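Summary of structural features
Okay, here's what each chain looks like letter by letter:
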Amino acid sequence: IVTVLPTNNNKNDKPKIVGVFEQGILNASWSPDFELLIILTTSQKISNNEDIVLVAMNTNFDIVAEVTLSGDDSTDVTASTSICWKPPYGHLFALSSVDSSSLERKIRIYKCE
């Protein structure tokens, strides 16, 4: 994750790296009020299987929550996932994905607290 601050054409200002997701980012979405960033990524396990991880970050890119989807929840999450927020307040978001084996769509709903 790289931040770039808007400036008055100051040539000394450089982008700042504030975080790295070594396994990559599958999807990301800001809440409607831009107070929370949800990132969907993976974590490599010792057995070379990947777990899917939901990471919630605030505007300072501090991690406020991290949830590992386990078992059947993580097997169908691929790069074709989408994150959708319930406006106007953004307290609810949904993770939608298609199971690669059964072609069934799963929608998981999360509440930000």
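Residues numbered from 1 in each chain as written. Predicted model: local features only at pLDDT ≥ 70, side-chain atom pairs only at ≥ 80, totals over all residues. Heavy atoms only, no water.

**Let's talk about the overall build of the protein chain**
Heads up, the rule is: Runs of H or I in DSSP of at least four residues are treated as helices and runs of E of at least two as strands, each being numbered from the N terminus. Burial classes: relative accessible area under 20% of the type maximum marks a residue as buried, over 50% as exposed, and values in between as partly exposed (1.4 Å probe, protein chains only). The contact definition used throughout considers only heavy atoms, calling two residues in contact when any of these lie within 4.5 Å. For the area figures, the Shrake-Rupley method with a 1.4 Å probe applies, and any residue is considered shielded solely by the protein chains shown.
Along the backbone of the protein chain there are 1 helix and 9 strands. Taken from the N to the C terminus, the helices and strands of the protein chain come in the order β-β-β-β-β-β-α-β-β-β. A buried classification covers 30% of the 113 residues belonging to the protein chain. Sequence separation of at least 24 residues holds for 26% of the intrachain contacts in the protein chain that already meet a minimum separation of 6. Accessible surface computed for the protein chain: about 7,800 Å², of which carbon and sulfur atoms make up 52%.

**Description of the sheet that holds strand E7 (residues 82-85)**
Adjacent strands of a sheet form backbone hydrogen bonds with each other and so pair up, either parallel or antiparallel. Defined as follows: At least two DSSP bridges between two strands are required for those strands to pair. To obtain each axis, a line is fitted to C-alpha atoms, and for helices this fit is confined to the stretch in contact; angles are then taken between N-to-C directions over 0 to 180 degrees.
One open sheet holds the 3 strands; their spatial order is E7-E8-E9, and the pairing between them is antiparallel. Of all strands in the sheet, those bounded by a partner on one side alone are E7 and strand E9 (105-111). Recorded for the sheet is a direction-independent mean angle of 20° between the axes of neighbouring strands. When strand E8 (residues 92-98) meets E9, the two strands line up antiparallel, connected through 7 bridges.

**Quick notes on the environment of Asp62**
Its place among the elements puts Asp62 in the loop between strand E5 (50-57) and strand E6 (63-69). Setting aside anything within four residues of it in sequence, one finds Asp62 in contact with Ala56 and Met57.

**Things to note about unusual backbone geometry**
With a phi angle near 60°, Phe34 is a residue other than glycine that sits in the positive phi range. Take Phe34: it is sitting in the loop between strand E3 (25-30) and strand E4 (37-44). You can call Phe34 exposed: its relative accessible area is 54%.

**Digging into the packing of aromatic side chains**
Short version of the rule: Here a pair means two rings of Phe, Tyr or Trp (six-membered ring of Trp) with centres within 6.5 Å. Their orientation is stacked below 30 degrees between planes, edge-to-face above 60, and tilted elsewhere.
With the rule as written, the count across this model stands at 3 aromatic pairs. With a centroid separation of 6.1 Å and 70° between ring planes, the pair formed by Trp30 and Phe61 is classed as edge-to-face. Taken together, the residues span a long stretch of sequence, with Trp30 in strand E3 and Phe61 in the loop between E5 and E6 at a distance of 31 residues. Note on Phe61: relative accessible area 19%, which makes it buried. Here Trp85 and Phe93 contribute two aromatic rings whose centre-to-centre distance is 5.0 Å and whose plane-to-plane angle is 45°, an arrangement assigned as tilted. Residue Trp85 is classed as buried on the basis of its relative accessible area, which comes to 11%. Taking the relative accessible area as the measure of exposure, Phe93 reaches 7% and is therefore buried. Ring pairs connect the aromatic residues Trp85, Phe93 and Tyr110, which therefore count as one cluster.

**Remarks on the confidence of the model for the protein chain**
Rule in force here: The score called pLDDT rates the predictor's confidence residue by residue, from a low of 0 to a high of 100.
Counting all residues, the mean pLDDT for the protein chain is 78, and 73% of those residues have values of 70 or more. Per-residue pLDDT, averaged within each element of the protein chain, yields its smallest value for helix H1 (residues 72-75) (54) and its largest for E3 (90).

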